Amino acid sequence: MNRLVDYISCAQYLEKPMYYKRRLIDHLIIELEANYQTALTAAKRAHSTATDKANIAENKYDTLGLEAAYLAEGQAKRASKCYADIDAIQHLTAQDYSLTDAIIVGALIRLIDQDEKTLSLFLAPVSGGLKFTFEERTIVVITQSSPLGKQLLGKFVDDEFEFGSEQHRKCYRIDDIN
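Counting from 1, residues in each chain are numbered in the order their sequence is written. Thresholds applied to this predicted model are a pLDDT of at least 70 for local features of residues and 80 or more for the giving and counting of side-chain atom pairs; totals over whole chains, interfaces and linings are not thresholded and use all residues. Heavy atoms throughout the structure, all of them, feed into the side-chain values; hydrogens and water do not.

**Q** Looking at this structure, I do not really get the sheet that holds strand β4 (residues 137–143). What am I missing?
**A** Hydrogen bonds between backbone groups are what pair the strands of a sheet, and the pairing can be parallel or antiparallel. Only strands that DSSP links by at least two bridges are regarded as paired with each other. Strands here mean DSSP runs of E at least two residues long; helices mean DSSP runs of H or I at least four residues long; both are numbered from the N terminus. In space, the six strands of this open sheet follow the order β3-β4-β2-β1-β6-β5, with mixed pairing throughout. Edge strands, defined here as strands with exactly one partner in the open sheet, are β3 (131–134) and β5 (160–163). Strand-to-strand twist of the sheet, defined as the mean angle between neighbouring strand axes without regard to direction, takes the value 40°. Sheet topology places strand β1 (residues 108–113) next to strand β6 (residues 170–177); five bridges connect them, and they run antiparallel. Axis angles are defined between N-to-C directions and span 0 to 180 degrees, where every axis is a line fitted to C-alpha atoms and, for a helix, only to the segment in contact.

The following block contains the structure:
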């Protein structure tokens, strides 16, 4: 009977990182949906400005309508990119990692620098540069095509590496991978 209780306790502990990551991915989707709504609203506003009768050009120097049209096009492309990012993250699976697994896309990585400061990164297929707080932890999204993402791919827990320009180079240790 004790072994069964120990097994259940152990199984619950092992499921926590994957459950945490699934909630993190869900939170990331909420962040991306907010970005999408902002971009969509901006595109609609710019389109409205571009097509407003008050902004019809009266001479060749009156370019407000034309500028608004370019802005509307840019905002529409931004909204489309946000939508594609949401789709990519929705298809991301929350994988569980062991100490012997290498970093791949979908990994939640905790780095510690030479000053003992912690940096939490989520290696995603899209949305690099997005920074958000999740359960009192600041997470920075990086992609596999970013310089740091390229450096991390294939590394393991306790691997050390240097990153940054010569003036701002830091030494990091991979403390955890989820």
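Text resumes after the structure shown.
**Q** I'm lost on the confidence of the model for the protein chain in this one. Help?
**A** Where the model shows low pLDDT, its predicted coordinates should not be examined in detail. One confidence number per residue, pLDDT, is output by the predictor and ranges from 0 to 100. Taken as a whole, the protein chain shows an average pLDDT of 87; of its residues, 90% reach a score of 70 or greater. Across residues 1–15, confidence stays below pLDDT 50; counting only partners more than four residues off in sequence or on other chains, it has one contact. It only takes one pair of heavy atoms within 4.5 Å for two residues to be counted as in contact.

**Q** Help me understand the packing of aromatic side chains in this model?
**A** The description of an aromatic ring pair uses the distance of the two centres, along with the angle that the planes make with each other. Two rings from Phe, Tyr or Trp (for Trp, the six-membered ring) form a pair when their centres sit within 6.5 Å of each other. Planes less than 30 degrees apart are called stacked, planes more than 60 degrees apart edge-to-face, and all others tilted. Under the counting rule described, the total for this entry stands at three aromatic pairs. Judged by centre distance (5.6 Å) and plane angle (50°), the ring pair of Tyr-36 and Tyr-83 falls under tilted. Of this pair, Tyr-36 sits in helix α1 (residues 2–51) while Tyr-83 sits in helix α2 (residues 64–90); the two residues are 47 residues apart in sequence, bridging distant segments of the chain. Assessed through its relative accessible area of 19%, Tyr-36 is described here as buried. Where Phe-161 meets Tyr-172, the ring centres are 5.7 Å apart and the plane angle is 25°; that geometry is what we call stacked. Of the two residues, Phe-161 sits in strand β5 while Tyr-172 sits in strand β6, which places them 11 residues apart along the sequence. The pair formed by Phe-161 and Tyr-172 is uniform in burial state, with each residue classed as buried. Categorising residues by exposure relies on relative accessible area from a 1.4 Å probe, with only protein chains included: less than 20% of the type maximum marks a residue as buried, more than 50% marks it as exposed, and the intermediate range marks it as partly exposed.

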